[in-house]
Amino acid sequence: GVAGSIVVITPKKEAPGRPWIFRAGFGSRDEKIDEALLALGFHIVTGPVSFNSDSLILKDWNATYEWLVLNGFSRRPVMEGAGGAAGEVIGWAIENPDKVSGIYVENPLLRTTFSNKHLLENLAPLIQTGVPLLQVGGSLDPAWKDNGRLLAQHYQQLGGKLKVVLQTGK
């Protein structure tokens, strides 16, 4: 009942509680974070990425979440995205802070179609529910200066659990 494809990558051995990554955007075969989480027993769920729209559709993401939870997946996935997809997963998390166990973003662009709220001005729900943020960025990436650095500053100022990995020269 959703527009677009959904990909579920299953681990060789599933971890207790059926943890999963809810990923915006398609991953490549050599995604180190995904490989490490698969080895720990996480499922990787990509999508849905709509073929009828230029953006992701919130009702489709909500329906996918509900279907997975009804079928035994953890109620609190880790959100993952890079670039523009990072803004989308943060937007979904802001709208659903009690349904997120953590957020992993790379070189985030702070825009989303999932929320009508400005991301930097609405991080409080994530902080209040204790959602940790792991952010990876390249020091030479324009997204770091204009978006990632600001996200890290705001999250830290609000008292959020934050780890930033800045890759010098990338």
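Residues numbered from 1 in each chain as written. Predicted model: local features only at pLDDT ≥ 70, side-chain atom pairs only at ≥ 80, totals over all residues. Heavy atoms only, no water.

K.L.:
Looking at this structure, I do not really get the overall build of the chain. What am I missing?
P.N.:
Helices and strands together make up the secondary structure of the chain, namely five helices and seven strands. Expected size for 170 residues packed as a compact globule is a radius of gyration near 15 Å; at 15 Å, the chain falls within 12% of this value. Principal-axis analysis of the C-alpha atoms places the extent of the chain at approximately 40 × 35 × 30 Å. A buried classification covers 45% of the 170 residues belonging to the chain. (Helix = DSSP H or I, 4+ residues; strand = E, 2+ residues; numbered from the N terminus. Rg over C-alpha atoms; globule rule 2.2 N^0.38 Å. Buried < 20%, exposed > 50% of the residue type's maximum accessible area, 1.4 Å probe, protein only.)

K.L.:
How should unusual backbone geometry be read in this particular structure?
P.N.:
Note on backbone geometry: most residues besides glycine have negative phi, and most peptide bonds are trans. At Arg 18, a position not held by glycine, the phi torsion is positive, near 50°. Mapped onto the elements, Arg 18 comes out in the loop between β1 (5–9) and β2 (20–23). Residue classification places Arg 18 among the partly exposed positions, given a relative accessible area of 24%. In this structure, Asn 107 is a non-glycine residue whose phi angle is positive, near 35°. Take Asn 107: it is sitting in the loop between β5 (102–106) and α4 (124–128).

K.L.:
Teacher, can you tell me more about the side chain of Asn 147 here?
P.N.:
With respect to the helices and strands, the residue Asn 147 is situated in helix α5 (residues 142–157). Ignoring anything within four residues of it in the chain, the contact list for Asn 147 reads Pro 108, Leu 109 and Leu 110. (Contact = heavy atoms within 4.5 Å.)

K.L.:
How should the environment of Gly 47 be read in this particular structure?
P.N.:
When you line up the elements, Gly 47 lands in strand β3 (residues 43–49). For the pair Gly 47 and Val 8, spaced 39 residues apart in the sequence, the C-alpha separation amounts to 9.0 Å. Ignoring sequence-local partners within four residues, the contact set of Gly 47 consists of Ser 5, Phe 22, Arg 23 and Trp 61.

K.L.:
Looking at this structure, I do not really get the nonpolar core. What am I missing?
P.N.:
Buried together is how nonpolar side chains tend to be arranged in soluble globular proteins. Counting 32 residues, the largest nonpolar core has Ile 90 and Ile 103 as its most contacted members. With seven residues, the top contributor of residues to this core is helix α3 (residues 84–95). The residues touching Ile 90, leaving out its near neighbours within four places in the chain, are Ile 103, Val 105, Leu 110, Leu 119, Leu 123 and Leu 151. Judged by nonpolar contacts, the second largest core, of five residues, contains Ile 21, Leu 37, Ile 44 and Val 78. (Core = buried A, V, L, I, M, F, W, Y, C linked by side-chain atoms within 4.5 Å.)

K.L.:
Before we go on, may I ask you to explain the sheet that holds strand β4 (residues 78–82) in this structure?
P.N.:
Pairing between the strands of a sheet comes from backbone hydrogen bonds, and it takes one of two forms, parallel or antiparallel. The mixed open sheet is built from seven strands, whose spatial order is β1-β3-β2-β4-β5-β6-β7. Looking along the sheet, the strands with just one partner apiece sit at the ends: β1 and β7 (162–167). Adjacent strand axes in the sheet meet at a mean angle of 15°, parallel and antiparallel pairs treated alike. As paired strands, β4 and β5 are joined by five bridges and run parallel to one another. When the bridges of β5 are listed, Met 79 appears paired with Ile 103. Packing against the sheet, helix α2 (residues 58–70) makes contact with β1, β2, β3 and β4, and its axis sits at approximately 165° to β2. (Pairing = 2+ DSSP bridges. Axes fitted to C-alpha atoms, helices over the stretch in contact; angles between N-to-C directions.)

K.L.:
Sorry, what's going on with the packing of aromatic side chains here?
P.N.:
Any pair of aromatic rings gets described here by the distance separating the centres and the angle formed by the planes. Inspection of the entire model under this criterion finds seven aromatic pairs. Ring geometry for Trp 20 and Phe 22: centres 5.0 Å apart, planes at 50°, overall tilted. Judged by centre distance (5.9 Å) and plane angle (80°), the rings of Trp 20 and Phe 73 are edge-to-face. Of this pair, Trp 20 sits in strand β2 while Phe 73 sits in the loop between α2 and β4, and the two are 53 residues apart along the sequence. Accessibility classification places Trp 20 together with Phe 73 in one group, the buried group. Feature note: the residues Trp 20, Phe 22, Trp 61, Tyr 65, Phe 73, Trp 92 and Phe 114 constitute an aromatic cluster, connected by ring pairs. Of note, Arg 18 hangs over the ring of Phe 73, and the distance from its end group to the ring centre comes to 4.5 Å. (Phe/Tyr/Trp six-rings, centres within 6.5 Å; stacked < 30°, edge-to-face > 60°. Lys NZ or Arg CZ within 6 Å of the ring centre and 35° of its normal.)

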